[in-house]
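Observations on the model geometry
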Amino acid sequence: MNPQAKLISTMSLLLGTSITISSNHWMTAWIGLEINTLAILPLISKTHHPRAVEASTKYFLTQATASTLLLFASMINAWFSGQWDITQLTHPMSCMLSTIAISIKLGLVPFHFWFPEVLQGSTMTTCLLLATIMKFPPITLFYLTSPSLNSTLLTSMAIASAALGGWMGLNQTQTRKVLAFSSIAHLGWMTIILNYDPNLTLITFYLYTVTTSAIFLILNTTNTLKLSTVMTTWTKIPPLTTIFMLTLLSLAGLPPLTGFMPKWLIIQELTKQELTATATAISLLSLLGLFFYLRLAYCATITLPPNFTNYMKQWQTNKPTNPLTTIFTSLSIMLLPLSPMVLTIS
């Protein structure tokens, strides 16, 4: 890809995200989302592979549909209430349509169908952007409109996302699809607490972003696209593979790693709201995700590839380790002691 075009796309991506997360008016938020969509399309289709073109087409169609619904919802709300302020979402139809539109943009169940396919057709760096930065503006809109949204609808979608994200990830052999379904399951955790403690939704998203970024950067360094390739990474870079295993366990939410903190706080808040059954259900559904995280960790660190007489040894990767990998992996493993400070902030 042309360096100038890549720079323009990246700057537009940052501009669109900044416009949406800092706006109070529905029109400026919508413009920011549109800039985001148009900026990421060249990055998805830059490999000129048929799967990349297919992924960019699917992404464009779903995001255009979601943007249309969001604009329609804001216009209905402005028609009946005279308000374009994002926090003044009062009309029931507008609340329903905006929930559906933002869910499509995020990839929440039952609007998840595009997300795994788009990630599968993209490069690792683009997957990282799609799974983290591109979800920040819709999550911000959810945060701003959270008092107006239907808690029953959000809880149903959250439970369905956690169930389907865990269930569909079980039989995947492609690392990008595993991380796509992992993202859907984590969105379920973020959505379920949105009505009761929106700050906790943002904290969960930040920690998910840090951990997922670390995993994508490690996979990009080792050039790992399939589970069968994960088995060969131990012989190439043992220290990085060990860190990869710990980061996966953090994403699964095992103590004493960072990923345990948001799940613990969400379960605690749901129990305070007397939603013990909901907390129990989503906790049990997270066990499905734990299985495929453990399978990835097992393949990376315990399983060795078969060594036949004609087996060609894979030498250490020539890619230098990104400095960001060190920062993100450290944060995704060792942030749990900061839980009291996070509780104070939220």
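Per an unreviewed UniProt entry, the protein chain is named NADH-ubiquinone oxidoreductase chain 2, and its organism is Pseudopipra pipra pygmaea. Recorded under Subcellular location (unreviewed entry), the UniProt text for the protein chain is reproduced unchanged: "Mitochondrion inner membrane". UniProt, in its Catalytic activity (unreviewed entry) section for the protein chain, records the words "a ubiquinone + NADH + 5 H(+)(in) = a ubiquinol + NAD(+) + 4 H(+)(out)".

Some details on the packing of aromatic side chains
With the rule as written, the count across this model stands at seven aromatic pairs. For the ring pair F260 and W264, a centre distance of 6.1 Å and an interplane angle of 5° mean the geometry is stacked. Here the residue F260 and the residue W264 both occupy positions in helix α14 (residues 260–272), the gap between them amounting to four residues, near one helical turn. Overall, W264 belongs to the partly exposed group, its relative accessible area being 34%. One aromatic cluster is present, formed by Y59, W114 and F115 through successive ring pairs. The positively charged end of K135 is found above the aromatic ring belonging to F115, 3.9 Å away from the centroid.

Some details on unusual backbone geometry
For residues besides glycine, phi is generally negative; the peptide bonds are generally trans as well. With an omega of 5°, the peptide bond between V109 and P110 qualifies as cis. Tracing the chain through its elements places P110 in the loop between α4 (92–106) and α5 (114–120). Looking along the chain, the bond that leaves P255 and enters P256 is cis, with omega of 5°. On the secondary structure map, P256 appears in the loop between α13 (238–252) and α14. With a phi angle near 55°, N223 is a residue other than glycine that sits in the positive phi range. Within the secondary structure, N223 is located in the loop between α10 (198–222) and α11 (227–230).

Some words on the packing of α4 against helix α7 (residues 136–145)
The angle between the axes and the distance between the axes are what describe a pair of packed helices. Taken N-terminus to C-terminus, the directions of α4 and α7 make an angle of 150°; their axes are 9 Å apart at the nearest point. On the basis of their axis angle, the class for α4 and α7 is roughly antiparallel. Along this stretch, α4 crosses α7, giving a crossing that reads as left-handed. Counted together, T99, I102, S103, K105 and L106 of α4 and P138, I139, L141 and F142 of α7 form the full contact between these two elements. Looking at side-chain class alone, the contact of α4 with α7 contains six nonpolar, two polar and one charged residues.

A short note on the pattern of salt bridges
Scanning the entire structure with this criterion turns up three salt bridges. Measuring nitrogen to oxygen at the nearest pair gives 2.8 Å for the salt bridge that ties K58 to E54. Pair noted here: K58 and E54 are both in helix α3 (residues 50–81), with a separation of four residues, about one helical turn. Judged by its relative accessible area of 38%, E54 is partly exposed. Put simply, K177 and E117 hold a salt bridge, and the shortest N to O gap is 3.4 Å.

Comments concerning the UniProt feature "domain: NADH:quinone oxidoreductase/Mrp antiporter transmembrane" (unreviewed entry) in the protein chain
Per the UniProt record, "domain: NADH:quinone oxidoreductase/Mrp antiporter transmembrane" (unreviewed entry) is found at residues 23–288. Measuring from the first to the last C-alpha atom of residues 23–288 gives 38 Å, for a span that is 76% helix and 0% strand.

A look at the nonpolar core
In this structure, I40, Y59, L130, L141, F142, F216 and F244 are the most contacted members of the largest nonpolar core, which totals 70 residues. Setting aside its immediate chain neighbours within four residues, Y59 contacts T37, I40, L41, I44, W114, V118, L130 and M134. Residues M261, L270, I282 and L285 belong to the second largest nonpolar core, which totals 18 residues.

Overview of the environment of T57
Of note, T57 is situated in helix α3. On the basis of relative accessibility, which here comes to 40%, the residue T57 falls in the partly exposed class. Separated by 13 residues in the primary sequence, T57 and I44 have C-alpha atoms spaced 9.6 Å apart.

Parameters at a glance
Positions within a chain are numbered from 1, following the residues in the order the chain's sequence is written. With the structure being a predicted model, the display of local features is reserved for residues of pLDDT at least 70 and the display and counting of side-chain atom pairs for 80 or more, all residues being used for whole-chain, interface and lining totals. For side-chain calculations, the full set of non-hydrogen atoms in the structure is used, while hydrogens and water are omitted. UniProt positions are given in the numbering used here, feature names are shortened, and annotations may be inferred rather than shown by experiment. Geometry of aromatic contacts follows a simple scheme: Phe, Tyr and Trp rings, the Trp one being its six-membered ring, pair when their centres are within 6.5 Å, and the pair is stacked under 30 degrees between planes, edge-to-face over 60, tilted otherwise. Only DSSP runs of H or I reaching four residues or more are called helices, and only runs of E reaching two or more are called strands; each is numbered from the N terminus. Buried, partly exposed and exposed residues are distinguished by accessible area as a fraction of the type maximum, computed with a 1.4 Å probe on protein chains only: under 20%, between the cut-offs, and over 50%, respectively. By definition here, charges over rings are those cases where NZ of Lys or CZ of Arg is within 6 Å of the ring centre and within 35 degrees of the ring normal. Angles shown run from 0 to 180 degrees and are taken between the N-to-C directions of axes, each axis being a line fitted to C-alpha atoms and, for helices, limited to the stretch in contact. Every angle not falling under 35 degrees, over 145, or within 65 to 115 is termed oblique; those three ranges are roughly parallel, roughly antiparallel and roughly perpendicular. The handedness criterion is simple: a crossing whose near helix is rotated anticlockwise from the far helix by less than a right angle is left-handed, and one whose near helix is rotated clockwise is right-handed. By definition, residues are in contact when any of their heavy atoms lie within 4.5 Å. We call Asp, Glu, Lys and Arg charged. Ala, Val, Leu, Ile, Met, Phe, Trp, Tyr, Cys and Pro are nonpolar, and the rest, Gly among them, are polar. The rule for a salt bridge is simple: a side-chain nitrogen of Lys or Arg has to be within 4 Å of a carboxyl oxygen of Asp or Glu. What we call a nonpolar core is a set of buried Ala, Val, Leu, Ile, Met, Phe, Trp, Tyr and Cys residues that are connected through their side-chain atoms within 4.5 Å.

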